[in-house]
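# Per-entry structural report
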Amino acid sequence: QVQLVESGGGLVQAGGSLRLSCAVSGRTFSIYEMGWFRQGAGKEREFVAAILWSGGSTYYADSVKGRFTISRDYAKNTVYLQMNSLKPGDTAVYYCAADRSSSWPPRADLYDYWGQGTQVTVSS
């Protein structure tokens, strides 16, 4: 199994930045890709960004492309989401997720493991 724990969420003004972290433990050798998803109040979960666990290739939702950057420190078993130029529409609970097989473009229903989520709130 794989365990994921997100951290780094908080309150930030529009235009500001936050960096989310996802600590990965367990059977990391089974992970093919890592993803960040988010769910705003009253909305369905949506894809944000993904990265191949070993290879490092990335994929972004159009809504965050150019503003968010996903990265990983393979040695530290940690995935990051650097969020710049934040907008009120980015307000959501952000979830880290792991997939044991390819889902390109990433699909939430195909991801196997999920963290507990961390709240990001962007004020006007």
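Please refer to the structure placed before this passage.
So, here is what we can say about the structure in this document. For clarity, every value in this text was computed on a predicted model and none was experimentally measured.

## Let's talk about the overall build of the protein chain
- Looking only at helices and strands, one finds 0 helices and 11 strands in the protein chain.
- What you see for the protein chain is a C-alpha radius of gyration of 13 Å, in line with the 14 Å of a compact globule of 124 residues.
- Each principal axis of the C-alpha atoms in the protein chain carries an extent, and together these give about 40 × 25 × 25 Å.
- Each of the 124 residues in the protein chain was classed as buried or not, and the buried ones make up 45%.
- Taking all contacts inside the protein chain whose residues are at least 6 apart in sequence as the whole, residues at least 24 apart take part in 57%.
- Averaging the locations of the 12 positively and 10 negatively charged side chains of the protein chain gives two centres separated by 4 Å.

## A short note on the nonpolar core
- Membership of the largest hydrophobic core comes to 36 residues, with the highest contact counts inside it found for Met34, Trp36, Leu81 and Tyr94.
- Counting only elements with at least two residues in this core, the list comes to β1 (2–7), β3 (18–26), β4 (33–39), β5 (46–52), β7 (68–73), β8 (78–83), β9 (92–99) and β11 (118–123).

## Description of the state of the cysteines
- A complete count under the given rule lists 1 disulfide for this structure.
- Note that Cys22 is cross-linked by a disulfide to Cys96, the S-S spacing being 2.0 Å. Classification of the bridge connecting Cys22 and Cys96 rests on its S-S torsion, roughly -80°, and on that basis the disulfide is left-handed. On the criterion of sequence distance, the pair formed by Cys22 in strand β3 and Cys96 in strand β9 is long-range, its members being 74 residues apart.

## Focus: the side chain of Thr78
- By the secondary structure assignment, Thr78 is in strand β8.
- The exposure class of Thr78 is buried, given its relative accessible area of 12%.

## Some remarks on the pairing of β3
- Pairing geometry for β1 and β3, over 6 bridges, is antiparallel. Within the sheet, the bridge partner assigned to Val2 lies in β3 and is Gly26.
- The pairing of β3 with β8 spans 6 bridges and is classified as antiparallel. Within β8, the position partnered with Leu18 by the bridge is Met83.

## Structural notes on the sheet that holds β7
- Read across the open sheet, the 4 strands follow the order β1-β3-β8-β7; overall the sheet is antiparallel. The open sheet has two free edges, formed respectively by β1 and β7, since each of these has just one partner strand. Between one strand axis and the next, the sheet turns by 20° as a mean value, whatever way the strands run.

What counts and how
Residues numbered from 1 in each chain as written. Predicted model: local features only at pLDDT ≥ 70, side-chain atom pairs only at ≥ 80, totals over all residues. Heavy atoms only, no water. Helix = DSSP H or I, 4+ residues; strand = E, 2+ residues; numbered from the N terminus. Rg over C-alpha atoms; globule rule 2.2 N^0.38 Å. Buried < 20%, exposed > 50% of the residue type's maximum accessible area, 1.4 Å probe, protein only. Contact = heavy atoms within 4.5 Å. Lys, Arg positive; Asp, Glu negative; His and termini not counted. Charge placed at Lys NZ, Arg CZ, Asp CG, Glu CD. Core = buried A, V, L, I, M, F, W, Y, C linked by side-chain atoms within 4.5 Å. Disulfide = S-S within 2.5 Å. Pairing = 2+ DSSP bridges. Axes fitted to C-alpha atoms, helices over the stretch in contact; angles between N-to-C directions.

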